[in-house]
Amino acid sequence: MQLRYSSRLYPSAGQRTALARAFGCARVVYNDALRARETAREQGLPFPKTGDLSKRLITEAKQTTERAWLGEVSAVVLQQSLRDLDTAYRNFFDGLKGKRPRMGAPRYKSRKDTRQAVRLTANARWTITAGGKLRLPKIGDVRVKWSRSLPSAPSTVTVVKDSAGRYFASFVVETGPEEVLPEVASEVGIDLGLGHFAVFSDGTKADSPRFLRRAEKRLKKAQRELSRKEKGSKNGDKARVRVARAHARVADARREFHHQLSTQLIRENQAVAVEDLAVKGLARTRLAKSVHDAGWSAFVSMLEYKAARYGRTFVKVGRFEPTSQVCSQCGVKDGPKPLHVRVWTCGACGAVLDRDINAAVNVAKAAGLAVPACGARVRPGRVPAPRSAAGTHPTPQPSTAR
């Protein structure tokens, strides 16, 4: 499978200028190609092919005075920009056909976009030097902070400048079956929530760090300072970067938490089951900020690809499975319950159940996983006597006294 490894870049002042030039040239070619295709659509003509656009917008454009500066960057960067537009159109049409979630039509890129990126394939002849630097064509040797070594030779590299002004190199590498972990006996069902980030079918719970909530005071102060600056001024740009860096720290901390927890679950369990939550629907409720702060979708995606990478089983249970309504002890459906009810008693068997642990056990059962003996019982409850055994009998019963 293909994986991405990201490392921080520290370009010099001249290299930052060269990267800005590459970002701008890639953006111009992308917008020119998008404009050519939109013009063809409005005139009822067939879409221009990528080869024709490459010849007209790159090769021939370099010979003109208006686009002569396209020759100052690697041609591979410009070619990949056209391929990015092809991918955007393909995703848009696949969404209309129902092959993937719907997404908007390709839009023009702006030079004011806070995130910029260019991609280079092996044809660009970029290399990693013996000193650990990233050698990029027409840019130079850029210093890299390697967080870990790459498992294999990368096929492509994407240089990204994020909203906080940081530079990253994202490498695409191939991994093989040598990373499959030895089999273990344990299996786990996971119930994701807000009070606790995750509750497991073995009875353990992972607290929700609430990174955004904890950083709200600092974010509020940075945003207030930005609102007081004049738009377009240098001080305004500095304040915007400070806001972006504050948000980046929150996102980085959340991502690190997701990586650590997902890796631990995949290493310790042979099979993992989660519930397919309607995150978009929940994000339109009064719980929207807490839902986005939790980042369930990113965590589930990590579990899925790590399970495939390390030879584990990943199961996603349907969102309409009544995991919070069914007693995990006797299987009787007790109906929906308001969110403030965290512990409930089964009316059939009398078991006192923790709502979250009970849901995690039901997720594991729905996925066909082995459920540990602890189940979801908090404490043994009173078992109601059968109706036939209560009160006096209408007819005399034979005496059993001797």
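Since this is a predicted model, take the numbers as computed values, not measurements. (Residues numbered from 1 in each chain as written. Predicted model: local features only at pLDDT ≥ 70, side-chain atom pairs only at ≥ 80, totals over all residues. Heavy atoms only, no water.)

## Observations regarding the nonpolar core
Side chains that are nonpolar tend, in soluble globular proteins, to be buried together. Within the largest apolar cluster, 39 residues are counted, with the highest numbers of intra-cluster contacts made by L9, L120, W126, L134 and L136. Elements represented by at least two residues in this core include exactly α1 (13-42), α2 (50-59), α3 (75-97), β2 (116-120), β4 (134-136), β5 (140-145), β6 (156-161) and β7 (167-174). When residues in this core are grouped by element, the largest group, 11 residues, is from α1. Dropping the residues within four chain positions of it, L136 is found in contact with L120, W126, V142 and V159. (Core = buried A, V, L, I, M, F, W, Y, C linked by side-chain atoms within 4.5 Å. Buried < 20%, exposed > 50% of the residue type's maximum accessible area, 1.4 Å probe, protein only. Helix = DSSP H or I, 4+ residues; strand = E, 2+ residues; numbered from the N terminus. Contact = heavy atoms within 4.5 Å.)

## Topic: a nonpolar patch on the surface
A cluster of nonpolar side chains, namely F47, F93 and L96, defines an oily patch on the protein surface of about 250 Å² accessible area. Here F93 shows up in helix α3. The exposure class assigned to F93 is partly exposed, which follows from its relative accessible area of 35%. (Patch = residues over 30% accessible without salt bridge, like charges linked within 9 Å, V, L, I, M, F, W, Y side chains within 5 Å. Areas by Shrake-Rupley, 256 points an atom, 1.4 Å probe, with all protein chains shown as cover. Salt bridge = Lys/Arg side-chain N within 4 Å of Asp/Glu carboxyl O.)

## Observations concerning the side chain of K306
Take K306: it is sitting in helix α9 (residues 296-310). As a buried residue without a salt bridge, K306 has its nearest oppositely charged side chain in E256, at a separation of 8.8 Å. Contacts of K306, omitting those with residues within four sequence positions, involve H259, S262, T263 and I266. (Lys, Arg positive; Asp, Glu negative; His and termini not counted.)

## Things to note about the sheet that holds β2
Strands sit in the order β2-β6-β7-β1-β5-β4-β3 across an open sheet of 7 strands; the sheet is antiparallel. Both edges of this open sheet fall to β2 and β3 (127-128), since each of them pairs with a single strand only. (Pairing = 2+ DSSP bridges.)

## Topic: the pairing of strand β11 (residues 271-275)
The buried fraction of β11 is high, at 5 of 5 residues. Along β11, one buried face is formed by A271, A273 and E275 and the opposite face, lined by V272 and V274, is buried too. Bridge analysis of strand β8 (residues 187-192) against β11 gives 4 bridges, and the strand direction is parallel. By the bridge assignment for β11, I190 is matched with V274. Strand direction decides the pairing type here: β11 and strand β12 (residues 313-317), joined by 5 bridges, are parallel. Among the inter-strand pairings, A273 is bridged to a residue of β12, identified as V315.

## Quick word on the pattern of salt bridges
By the definition in use, this model includes 16 salt bridges. With a closest N to O distance of 2.8 Å, D141 and R135 form a salt bridge. Classification of D141 as partly exposed rests on a relative accessible area of 30%. With a closest N to O distance of 2.9 Å, D252 and R166 form a salt bridge. Note that D252 is positioned in helix α6 (residues 234-268) and R166 in the loop between β6 and β7, a separation of 86 residues in sequence. Relative accessible area serves as the criterion here: at 28%, D252 is assigned to the partly exposed category. Among the residues examined, R166 registers a relative accessible area of 16% and is labelled buried.

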